[in-house]
Amino acid sequence: MKSQRNYLLIAALIAGLFGGCAQTTQVPDSQAQVQQAVKLADYNWDKFNKAQIEKLLTTYGKGSANYNPAKPPYAVFDWDNTMVFLDIEEATLIYQLVNLKFNMTPAQMDKALRMNVPSGNFKADYNNAAGKALNIDLVVPDAVESYTWIYNNYQGLKGKMPLDEVKKNPHYTNFITKVRYLYEAIGDTFDVSIAYPWVLYLFTGLNEQQVRKMTQETADWQLTQPVEKVKWTSPASIPGKAGVVSVSWKNGLRLMPEMQDVFRAFRAAGIDIWICTASFVDVVKEISSNPKYGYFNPDNRVIGMELERDAKGVIQTEFRKGYDQTQGKGKTKAIERFLVSKYGYGPIFVAGDSEGDMNMMQDFADTKLVLIVNRLKGKDIDKLSRIAVAEYGKPDAKVLLQGRDDNKGTFIPSQAHVKLGAKEGQVLK
């Protein structure tokens, strides 16, 4: 009973999250016959979550008596680990590294790898193989030294050597490992406002078409890969200043049929769809709009991270002036700037998976339903997940928690999350 009271208390404290001054539209029984039910395909939805989303579509979609096509409701979706399994930005980084899809001089690479990163040591988890603490000033010179060799020898840059031959040289492994290591170490040590833009600066020198082509190649490649953890270790033969480092990540990005179908259903119900992502805008434009991936989202319906470009559209090593980073509070600011100003009201539905989605989940009084893809994330997203558990099965539930199996890259029909390598799922962290 004490646990139940705690859940109710949490729900009451955050009730303003969805209530505020917004008025919930009630559809009288006499209007039930004009409603047109929009159904989701079963797939691996938790049945209660599926029913609540269908209820939203029926209550506020174009089959309801109060629907106004001149002022349609709209929904906002995060992308990575929400619309797809894993992270398309991170997968694109791996593909870019493996295939050396760069258009930077060594000096430009040095600038990109250092951009806005503090000089303090990384967390102890990122000490080198000898246990030595590392920082940006120790790792970047090693990566740039190896990139300089690649730049001068690889035929895709200024050299004549084919990629297969380049891959045999330890400089190749040293470069790709230490750059991927930096992404992880920076992200775990410093604020996300530093880490999230950092990975984007590696697009310096490319244009939108090149980034989108690389994204498509990334997705096609990832869909053929097993769902597994991959580990890279830099070569001992060229330890450099940083020494030997290792880094691992999850491989095997997957498309989510449930979320492809959600886009279909929301469109059928006359509810506009928008994506608000912390990935680079061109990356998500490609995977969300390319028909081969099944989401069919117009590429002008993506709000994401932006970089400066020159007059020819070439990407620069600088975050776009006047734009907020689309993570955390920045997602709310971007929605206010581009969507609330357009529609005059906030989103009716918000979907996400992590702390970076919390603000847009709770900052709009017009939001009637929130979907959290369960990744067992802590901090504030855990508070919302607990509300979803407390409200589960109740007809007025406003927070939904959808389970996922990281061993398969699929949803599962429950609230639970199954970690990679685990056989049993858990609901809360």
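As shown above, the structure is provided for reference.
Calculation notes
- Residues numbered from 1 in each chain as written.
- Predicted model: local features only at pLDDT ≥ 70, side-chain atom pairs only at ≥ 80, totals over all residues.
- Heavy atoms only, no water.
- Helix = DSSP H or I, 4+ residues; strand = E, 2+ residues; numbered from the N terminus.
- Rg over C-alpha atoms; globule rule 2.2 N^0.38 Å.
- Contact = heavy atoms within 4.5 Å.
- Areas by Shrake-Rupley, 256 points an atom, 1.4 Å probe, with all protein chains shown as cover.
- Lys, Arg positive; Asp, Glu negative; His and termini not counted.
- Charge placed at Lys NZ, Arg CZ, Asp CG, Glu CD.
- Pairing = 2+ DSSP bridges.
- Axes fitted to C-alpha atoms, helices over the stretch in contact; angles between N-to-C directions.
- Salt bridge = Lys/Arg side-chain N within 4 Å of Asp/Glu carboxyl O.
- Buried < 20%, exposed > 50% of the residue type's maximum accessible area, 1.4 Å probe, protein only.
- Core = buried A, V, L, I, M, F, W, Y, C linked by side-chain atoms within 4.5 Å.
- Polar contact = N/O pair within 3.5 Å; in protein donor to acceptor, adjacent residues only side chain to side chain.
- Parallel < 35°, antiparallel > 145°, perpendicular 65-115°, else oblique.
- Left-handed = near helix turned anticlockwise from the far one by under 90°.
- Nonpolar A, V, L, I, M, F, W, Y, C, P; charged D, E, K, R; others polar.
- Expected span 1.5 Å × (residues − 1).
- Bend = angle between axes of the 7 residues up to and from the residue.
- Phe/Tyr/Trp six-rings, centres within 6.5 Å; stacked < 30°, edge-to-face > 60°.

(A) Representation of the overall build of the chain within the structure. For the chain, the count of helices and strands is 14 helices and 15 strands. Computed over the C-alpha atoms, the radius of gyration of the chain is 23 Å, within 12% of the 22 Å expected from 2.2 N^0.38 for a compact globule of 429 residues. Over its C-alpha atoms, taken along the principal directions, the chain stretches across nearly 75 × 50 × 35 Å. Taking as baseline every contact in the chain between residues at least 6 positions apart, the subset at least 24 positions apart corresponds to 70%. Split by element, the accessible area of the chain, about 18200 Å² in all, is 49% carbon and sulfur. The positive charge centre, built from 53 side chains, and the negative charge centre, built from 47, are 1 Å apart in the chain.

(B) Spatial organisation of the sheet that holds strand S10 (residues 349-352). Strands sit in the order S7-S6-S1-S10-S11-S12 across an open sheet of six strands; the sheet is parallel. Strand pairing shows two members of the sheet lacking a second neighbour, strand S7 (302-305) and strand S12 (399-402), which therefore form its edges. Strand-to-strand, the axes of this sheet are offset by a mean angle of 15 degrees, without reference to chain direction.

(C) Molecular detail of the sheet that holds strand S14 (residues 410-411). In spatial order, the strands read S14-S13-S15; together these three strands make up an open sheet with mixed pairing. Lying at the two open borders of the sheet, with one neighbouring strand each, are S14 and strand S15 (417-418). Note: strand S13 (residues 404-405) against S15, two bridges, orientation parallel. Within S15, the position partnered with aspartate 405 by the bridge is valine 418.

(D) Structural view of the pattern of salt bridges. Tallied over the full model, the rule gives 27 salt bridges. Here lysine 178 makes a salt bridge to aspartate 142, at a shortest N to O gap of 2.9 Å. Of this pair, lysine 178 sits in helix H7 (residues 170-189) while aspartate 142 sits in helix H5 (residues 136-153), and the two are 36 residues apart along the sequence. Comparing lysine 178 with aspartate 142 shows no difference in burial state: the two are buried. One salt bridge connects arginine 264 with aspartate 261, and the closest N-O pair in it is separated by 2.6 Å. Here the residue arginine 264 and the residue aspartate 261 both occupy positions in helix H10 (residues 257-268), the gap between them amounting to three residues, near one helical turn. Among the residues examined, aspartate 261 registers a relative accessible area of 9% and is labelled buried. Residues joined in a network through salt bridges with shared partners are Lys39, Asp42, Lys50 and Glu54.

(E) Just unusual backbone geometry, in detail. Residue tyrosine 43 is not a glycine yet carries a positive backbone phi of 45 degrees. Here tyrosine 43 is to be found in the loop between helix H1 (2-13) and helix H2 (47-60). Even without a glycine there, the phi angle at leucine 376 is positive, about 55 degrees. With respect to the helices and strands, leucine 376 occurs in the loop between strand S11 (369-373) and helix H14 (379-391). For leucine 376, a relative accessible area of 7% translates into the label buried.

(F) Local environment of the environment of lysine 333. Mapped onto the elements, lysine 333 comes out in helix H12 (residues 329-343). Lysine 333 gets classed as partly exposed once you look at its relative accessible area, which sits at 39%.

(G) Focus on the nonpolar core. In terms of nonpolar packing, the biggest core is built from 109 residues, with Phe175 and Phe349 touching the most fellow members. For this core, the element with the most residues is H5, which contributes 10 residues. Residues contacting phenylalanine 349, with those up to four places away along its chain left out, are Ile53, Leu56, Tyr74, Ala75, Val76, Phe77, Phe266, Leu369 and Leu371.

(H) Here's a closer look at the side chain of lysine 331. With respect to the helices and strands, lysine 331 occurs in helix H12. On the accessibility criterion, lysine 331 (2% relative accessible area) is buried. Within the structure, lysine 331 has its side chain in polar contact with the backbone oxygen of cysteine 276 (distance 3.0 Å). Once residues within four sequence positions are removed from consideration, lysine 331 is found in contact with Asp78, Cys276, Thr277, Ala278, Gln325, Thr326, Gly356, Asp357 and Met360.

(I) Molecular detail of the packing of helix H4 (residues 106-114) against H5. Interhelical geometry of H4 versus H5 gives an angle of 150 degrees and a closest axis separation of 9 Å. The orientation of H4 with respect to H5, classified from their angle, is roughly antiparallel. The two elements H4 and H5 meet at a crossing, and its hand is right-handed. Along the contact surface, H4 presents Pro106, Met109, Asp110, Leu113 and Arg114, while H5 presents Ile136, Asp137, Val140, Pro141, Ala143, Val144, Tyr147, Thr148 and Tyr151. Residue composition of the contact of H4 with H5, by class: 10 nonpolar, one polar and three charged.

(J) Summary view of the side chain of glutamate 391. Residue placement: glutamate 391 occurs in helix H14. Here the side chain of glutamate 391 touches valine 399 through a polar contact of 3.2 Å, landing on its backbone nitrogen. When sequence neighbours within four positions are dropped, the list of residues in contact with glutamate 391 reads Phe48, Ala397, Lys398 and Val399.

(K) Structural detail: H12. Look at H12: 20 Å from first C-alpha to last across 15 residues, which is about the 21 Å you get at 1.5 Å a residue. The largest bend along H12 measures about 40 degrees and falls at glutamate 336. The complete set of buried residues in H12 reads Gly330, Lys331, Thr332, Ala334, Ile335, Leu339 and Tyr343. Just beyond H12, the residue with positive phi is glycine 344, at close to 95 degrees.

(L) Just the packing of aromatic side chains, in detail. This model, assessed by the stated rule, comprises 22 aromatic pairs. Here the aromatic rings of tyrosine 74 and tyrosine 345 are separated by 6.1 Å at their centres, their planes lie at 35 degrees, and the arrangement is tilted. Of the two residues, tyrosine 74 is situated in strand S1 (residues 74-77) and tyrosine 345 in the loop between H12 and S10; the sequence distance between them amounts to 271 residues. You can call tyrosine 74 buried: its relative accessible area is 0%. Take tyrosine 345: its relative accessible area is 18%, and that puts it in the buried class.

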